[in-house]
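Residue-level listing of the chains:
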Amino acid sequence: MNKLAPSILSADFAALGEDVKKAEQAGAQYLHIDVMDGAFVPSLSLGFPVIQSIRKLTDMVFDVHLMICDPDRYIAEFAAAGADIITVHAEACPHLNRTIAAIKEQGVKAGVVLNPATPLTELEYILEDLDMVLLMTVNPGFGGQKYIESCTRKIQDLRKMITERGLDIDIEVDGGIKLNNVQKVLDAGANVIVAGSAVFGGDVEQNVKDFLEVLNA
């Protein structure tokens, strides 16, 4: 099933609750929440208070993407704040199996994120333990970047790997996804689509509906 995950990194923070409700009312299933620490990536972003605040406003699935060093320190706190899915970067986790186990111990779904240049071989011995793989289609840390075309083949290769192993794992893509290229990533095998400025730039409800029209076709 295809799902849209609007990224609140591109929302209007002066009206964050309103933007979230608009996305939900238009039919978005997930809410993508980027957490950045200024170390693993250059930027700083959302923390526990913001997640806790918007958790009270919506029943959407909170898809929390940790772009932070040593995420194990905060897994319990993000689960308590309202995360439904926690994804961590393979590049930031020296003991990835342990990190994924720690996420699942909190009763939430677990995913691994790969940067564009990180090979799929990083998933070789962890794939069966995952609920989702998030493939970055831009280098993480900033919104508004252009989709990296070589990632299309990476999506295809991951979908083949999952299918060959008989697994039921979502493939999420994040970075540079617009209405004019979303069909390409769907055709490649992705089924959870993160969109930031393409949703929250302009008419939020109409943008969500336009995406869902493609996702549900």
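Everything numeric in this text was worked out from a predicted model, so none of it was measured. (Residues numbered from 1 in each chain as written. Predicted model: local features only at pLDDT ≥ 70, side-chain atom pairs only at ≥ 80, totals over all residues. Heavy atoms only, no water.)

A. Summary view of the nonpolar core. Counting residues in hydrophobic clusters, the biggest one holds 67 residues, and the most contacted among them are Leu4, Ile8, Leu123 and Ile193. The residues contacting Leu123, other than those within four sequence positions of it, are Val112, Leu114, Leu130, Val133 and Leu158. One finds Ala5, Tyr30, Ile85 and Met132 within the second-largest nonpolar core, a separate group that totals six residues. (Core = buried A, V, L, I, M, F, W, Y, C linked by side-chain atoms within 4.5 Å. Buried < 20%, exposed > 50% of the residue type's maximum accessible area, 1.4 Å probe, protein only. Contact = heavy atoms within 4.5 Å.)

B. Region of the structure containing the environment of Gly47. Here Gly47 shows up in the loop between strand S2 (30-36) and helix H2 (48-55). Note on Gly47: relative accessible area 26%, which makes it partly exposed. In sequence terms Gly47 and Val204 are 157 residues apart; their C-alpha atoms lie 23 Å from each other. (Helix = DSSP H or I, 4+ residues; strand = E, 2+ residues; numbered from the N terminus.)

C. Quick peek at empty space enclosed by the protein. Per the counting criterion, the structure on display carries two cavities of 30 Å³ or more. If you add up the space inside the largest cavity, you get close to 270 Å³. In terms of lining, the largest cavity is formed by 24 residues, of which the most central are Phe142, Gly143, Gly144, Asp174 and Gly175. If you list the elements that add at least two residues to the lining of the largest cavity, you get S2, strand S8 (192-195) and helix H7 (197-200). Its residues assigned to classes, the lining of the largest cavity comprises eleven nonpolar, ten polar and three charged. Together, Tyr30, Ile85, Lys109, Asp131, Met132 and Asp170 line the second largest cavity. (1 Å grid on protein atoms, 1.4 Å probe; cavity = no way out; pocket = protein on both sides within 12 Å on 5 of 7 lines; lining within 4 Å. Points joined across faces, edges and corners; volume = space filled by probe spheres on them. Nonpolar A, V, L, I, M, F, W, Y, C, P; charged D, E, K, R; others polar.)

D. Inspection of the sheet that holds S2 at higher detail. The strand order across the open sheet formed by eight strands is S1-S8-S7-S6-S5-S4-S3-S2, and the pairing between neighbours is parallel. The open sheet has two edge strands with one neighbour each: strand S1 (3-6) and S2. On average, each strand axis in the sheet is inclined to that of its neighbour by 25°, with strand direction left out of account. Both strand S3 (residues 61-67) and strand S4 (residues 85-89) contribute to a ladder of four bridges, which runs parallel. When the sheet's bridge partners are listed, His65 is paired in S4 with Thr87. (Pairing = 2+ DSSP bridges. Axes fitted to C-alpha atoms, helices over the stretch in contact; angles between N-to-C directions.)

E. Representation of the side chain of Thr152. Looking at the secondary structure, you find Thr152 in helix H5 (residues 151-164). Here Thr152 is in contact with Tyr147, Lys184 and Ala188, once residues within four sequence places are set aside.

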